[in-house]
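# Examining the three-dimensional arrangement
For reference, the chains in residue letters:
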Amino acid sequence: PGQAAFDELVKAHHEPFRFNKSGGGALNEAFISAWYNHNNDVFFDGVEETFYHYDPMSGLWKAKDKDLIASDMWGQIRKLIDINVAGMEAIGEKDAAERFRGLKGSITNKFLNSATEMLKKQHSDAKGSPFGNRKRIIHALNGVVDITVPPHSFSPEFDKSYYSRNQSPFLYVPGKDCPRFKNELLGSQLAPDDIDVIQRWLGMAIMGPNRAQVIMMITGEAGSGKSTLSSILIKMIGEQNFTELRTQHLGDSRFETSHYLGKSLLFGSDVDSSFFQRGGASRLKALTGGDVQTVEMKRKGTAQIRGEFNVLLNANSRITVALQGDKGAWKRRLILIPFEKPADPAKRIPDFDKVLIHEEGDGILNWAIEGAEKFVADGKVDTTKVRVFFTTPT
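Residues numbered from 1 in each chain as written. Predicted model: local features only at pLDDT ≥ 70, side-chain atom pairs only at ≥ 80, totals over all residues. Heavy atoms only, no water.

### A word on the overall build of the protein chain
When helices and strands are counted, the protein chain shows 12 helices and 15 strands. Counting the 394 residues in the protein chain, one finds 47% classified as buried. Working note: accessible area of the protein chain is about 19,100 Å², and carbon and sulfur atoms make up 49% of it. (Helix = DSSP H or I, 4+ residues; strand = E, 2+ residues; numbered from the N terminus. Buried < 20%, exposed > 50% of the residue type's maximum accessible area, 1.4 Å probe, protein only. Areas by Shrake-Rupley, 256 points an atom, 1.4 Å probe, with all protein chains shown as cover.)

So this is what it looks like as structure tokens:
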């Protein structure tokens, strides 16, 4: 830091180095942890029990392992020592330079672990997680689209105060359209109301939290276009932002939900008719309903996640839901988008999802931004009719 900031750190935590009368030295853990915190855009999320650091190139806050924090700290302490060594040598104080140089032996694993724990405590007084109250933004590849008040605004500058962890891998290009996506994929299969729902859902999902607390389910026969649409929706949200949804493991695996940390989308591909009857399926209500849940992580203890995940499913057949006396809760959450028209083999385009993403990806992002504006305006994904059906298990 600058001299003024350095002096403030010394005032609060005392000098970074301590020497005894015989010339032996030691590092001041409290100063080092505060100095590292000041120099680096890093914080410890006490809810998720995870360190995060800010990447100014992408504008994202990224999880960082404790060992990497310690490694960074080791390198920066050595640089601080080298600066003092050079300063002493520059004024001819060779003995003092050697005393400073000897401090490098104090940068032990024990010291680094202790300093890292102190770094955690510097953030322990913060209530909740900064990710828990995210702004209504869409984090594009080349900047941030703010949809707090429609119509949207755009800034090419990233800002760490957004606390964004999820970025769409497409450029914001005003005026770019996606006619093939709208006409050949959506318009050929879906009614205008269904297209409006998909647009609103995608806009909400790209912003991050599942504020509508819904589960999107796309059904249809093989080759109908449902998988093409699902693939495009995932790519727009960002493949790095989703993980597979496996209800069969939600009930029997202690660590299954730990994979959800930092993700915004859970995806179930070609789910079968018994998907909602499995033991863990009932947890989907908590994973989409805003509930805070404890997750267990291998070798890292426990953390917490907030159930605000977007959920996307596609299926070839009618889905049976184990209601368990909770029909109302499922009815509020499940949205069905049916691809009912049979596919025309003569019109089939191989890898149509890749074709559309390549030709119109930035235009589809603009279409999603329109959907986000609609959603922010009234807070609704489905404004038309009840779209879910139920089949009672036999």
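### Topic: empty space enclosed by the protein
For the structure shown, the criterion picks out 2 cavities of 30 Å³ or more. Considering only enclosed or pocket space, the largest cavity measures out at about 110 Å³ in volume. Together, 13 residues line the largest cavity, and Arg134, Ile137, Ser164, Asn166 and Met207 are the ones closest to its centre. Taken together, the elements giving at least two residues each to the lining of the largest cavity come down to β6 (137-140) and α7 (192-207). The biggest single contributor to the lining of the largest cavity is β6, with 3 residues. Counted by class, the lining of the largest cavity contains 6 nonpolar, 4 polar and 3 charged residues. Approximately 30 Å³ is the volume found for the second largest cavity. Along the walls of the second largest cavity sit Asn166, Gln167, Ser168, Ala205, Ile206, Ile237, Asn241 and Ser264, which together make up its complete lining. Here the residues of the lining of the second largest cavity are counted per class, giving 3 nonpolar, 5 polar and no charged. (1 Å grid on protein atoms, 1.4 Å probe; cavity = no way out; pocket = protein on both sides within 12 Å on 5 of 7 lines; lining within 4 Å. Points joined across faces, edges and corners; volume = space filled by probe spheres on them. Nonpolar A, V, L, I, M, F, W, Y, C, P; charged D, E, K, R; others polar.)

### Quick word on the packing of helix α2 (residues 29-39) against helix α5 (residues 109-121)
Packing of α2 against α5 brings their axes to within 9 Å, and their N-to-C directions diverge by 60 degrees. On the basis of the axis angle, α2 is oblique to α5. You can see that α2 and α5 cross each other, and the crossing is right-handed. Of α5, the residues touching α2 (which contributes Glu29, Ala30, Ile32, Ser33, Tyr36 and Asn37) are Phe111, Ser114, Ala115, Met118 and Leu119. Considered class by class, the residues forming the contact of α2 with α5 number 7 nonpolar, 3 polar and 1 charged. (Axes fitted to C-alpha atoms, helices over the stretch in contact; angles between N-to-C directions. Parallel < 35°, antiparallel > 145°, perpendicular 65-115°, else oblique. Left-handed = near helix turned anticlockwise from the far one by under 90°. Contact = heavy atoms within 4.5 Å.)

### Regarding the layout of surface pockets
Size it by volume and the largest pocket reaches roughly 690 Å³. Contributing to the lining of the largest pocket are 26 residues, with Gly223, Ser224, Gly225, Thr228 and Phe352 lying nearest its centre. The set of elements that each furnish at least two residues to the lining of the largest pocket consists of α6 (179-187), α8 (226-237) and α12 (352-378). At 5 residues, α8 tops the list of elements feeding residues into the lining of the largest pocket.

### Thoughts on the pattern of salt bridges
Per the stated rule, a full pass over the model turns up 18 salt bridges. Notably, a salt bridge pairs aspartate 41 with lysine 160, separated by 2.7 Å at the nearest N-O pair. Taken together, the residues aspartate 41 in the loop between α2 and β3 (42-45) and lysine 160 in the loop between β8 (153-155) and α6 connect sequence positions 119 residues apart. On the basis of relative accessibility, which here comes to 33%, the residue aspartate 41 falls in the partly exposed class. (Salt bridge = Lys/Arg side-chain N within 4 Å of Asp/Glu carboxyl O.)

### A word on the sheet that holds β8
Read from one edge to the other, the open sheet built from 3 strands follows the order β6-β7-β8, with strand pairing classed as antiparallel. Each edge of the open sheet carries a strand with a single partner, namely β6 and β8. The average undirected angle you get between the axes of adjacent strands in this sheet is 20 degrees. With 3 bridges joining them, strand β7 (residues 143-146) and β8 adopt antiparallel strand pairing. Each residue of the ladder has a partner; that of valine 144, found in β8, is serine 155. (Pairing = 2+ DSSP bridges.)

### So, α6
By the burial criterion, the buried members of α6 are Phe181, Leu185 and Leu186. Angularly, the buried residues of α6 cover 80 degrees about the axis, an arc narrow enough to put them on a single face. Here the buried face of α6 lies against α7, α8, β15 (334-339) and α12. (Arc of directions from axis to C-beta.)

### Some words on the sheet that holds β3
The strand order β3-β4-β5 describes an open sheet built from 3 strands, whose pairing is antiparallel. The two strands at the open ends of the sheet, each matched to only one other strand, are β3 and β5 (60-64). Strand-to-strand twist in this sheet, taken as the mean axis angle between neighbours without regard to direction, amounts to 35 degrees. One ladder, built from 5 bridges, connects strand β4 (residues 50-55) with β5; its direction is antiparallel. Along β5, the bridge assignment pairs aspartate 55 with leucine 60. This element, helix α3 (residues 66-90), spans β3, β4 and β5 of the sheet and lies at about 100 degrees to β5.

### Considering the pairing of β7
Across 4 bridges, β6 lies against β7 in antiparallel orientation. Opposite isoleucine 137, over in β7, you have aspartate 146 as the bridge partner. The loop that links β6 with its antiparallel partner β7 comprises 2 residues. Joining the antiparallel neighbours β7 and β8 is a turn of 6 residues.

### Quick look at the packing of aromatic side chains
The full count for this structure, using the stated rule, is 16 aromatic pairs. Arranged with centres 5.3 Å apart and planes meeting at 65 degrees, the rings of phenylalanine 6 and phenylalanine 31 form a pair that is edge-to-face. In this pair, phenylalanine 6 is assigned in helix α1 (residues 3-13) and phenylalanine 31 in helix α2, connecting sequence segments 25 residues apart. Exposure remark for phenylalanine 31: the relative accessible area of 0% places this residue in the buried category. (Phe/Tyr/Trp six-rings, centres within 6.5 Å; stacked < 30°, edge-to-face > 60°.)

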